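Report on the structure
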Amino acid sequence: MMTRSPDAIREPATSRIASGLQTCALLGALVLLGGCSTFGGSGGSETGKASYYGQAHHGKRTASGERFDQHALTAAHRSLPFGTRVRVTNLNNERSVVVRINDRGPFVRGRIIDLSRAAAERLDMLRAGVVPVRVQALD
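Residues numbered from 1 in each chain as written. Predicted model: local features only at pLDDT ≥ 70, side-chain atom pairs only at ≥ 80, totals over all residues. Heavy atoms only, no water.

This part takes up the side chain of Asp114. The residue Asp114 is located in strand β5 (residues 111-116) in this model. Of the side chains with opposite charge, Arg111 comes closest to the buried, unpaired Asp114, at an N-O distance of 5.0 Å. For Asp114, the side chain forms a polar contact with the side chain of Ser51, separated by 2.2 Å. For Asp114, the contacting residues outside a window of four places in its chain are Ser51, Tyr52, Tyr53, Thr74, Ala75, Ala76 and Pro106. (Helix = DSSP H or I, 4+ residues; strand = E, 2+ residues; numbered from the N terminus. Buried < 20%, exposed > 50% of the residue type's maximum accessible area, 1.4 Å probe, protein only. Lys, Arg positive; Asp, Glu negative; His and termini not counted. Salt bridge = Lys/Arg side-chain N within 4 Å of Asp/Glu carboxyl O. Polar contact = N/O pair within 3.5 Å; in protein donor to acceptor, adjacent residues only side chain to side chain. Contact = heavy atoms within 4.5 Å.)

As structure tokens, this is what we get:
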């Protein structure tokens, strides 16, 4: 049977404590960063790029379970709750539209919202396809 010296027993405990402190510091930093979200309830906003999706997805199920209707004023957002209404403003021409979040996405880097074709028409972005927008949570 192998015996350990008292120092061998204490060494792993010290490294475990240091590791635990590092983990707590990391979790604390993540909590603080999570509090910096620009969507802090009604009136929160973010800016970025918007795209739209239409005919190829028309009639297919969205992440919320409803069928996608390219003629409805809806949108996909990565984190806002389903049913949230947001005002999307095209920063190129200041046109805006209110849409309801009913899907998840976009899954393209740099984009913050995917709009239905009807919403894209109201923003006059069909030709461009991708435009800079401001998204403001209304509820």
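Strand order around the closed barrel formed by six strands is β1-β5-β2-β4-β3-β6, with mixed pairing between neighbours. Pairwise comparison of adjacent strand axes, ignoring direction, gives a mean angle of 45° for this sheet. (Pairing = 2+ DSSP bridges. Axes fitted to C-alpha atoms, helices over the stretch in contact; angles between N-to-C directions.)

Inspection of every chain in the model, using the stated rule, returns two salt bridges. Ionic pairing is found between Glu66 and Arg100, a salt bridge with its closest N-O pair at 3.0 Å. Placement of the pair is Glu66 in the loop between β1 (45-53) and β2 (74-76) and Arg100 in strand β4 (residues 96-103), with a sequence separation of 34 residues. Residue Glu121 is joined to Arg117 by a salt bridge in which the shortest nitrogen-to-oxygen separation is 3.4 Å.

Inspection of the secondary structure puts Gln70 in the loop between β1 and β2. Residue class for Gln70 comes out buried when judged on its relative accessible area of 11%. Side-chain polar atoms of Gln70 contact the backbone nitrogen of Gln55, separated by 2.9 Å. In this structure Gln70 touches Gly54, Gln55, His58, Ser116, Arg117 and Ala118, once residues within four positions along its chain are discounted.

In this section: the packing of aromatic side chains. The relative placement of two aromatic rings is captured by the distance of their centres and the angle of their planes. Inspection of the entire model under this criterion finds one aromatic pair. Between Tyr53 and Phe68, the ring centres sit 4.5 Å apart and the planes meet at 10°, which makes this aromatic pair stacked. Of this pair, Tyr53 sits in strand β1 while Phe68 is found in the loop between β1 and β2, placing the two residues 15 residues apart along the sequence. The two residues Tyr53 and Phe68 agree in class, both being buried. (Phe/Tyr/Trp six-rings, centres within 6.5 Å; stacked < 30°, edge-to-face > 60°.)

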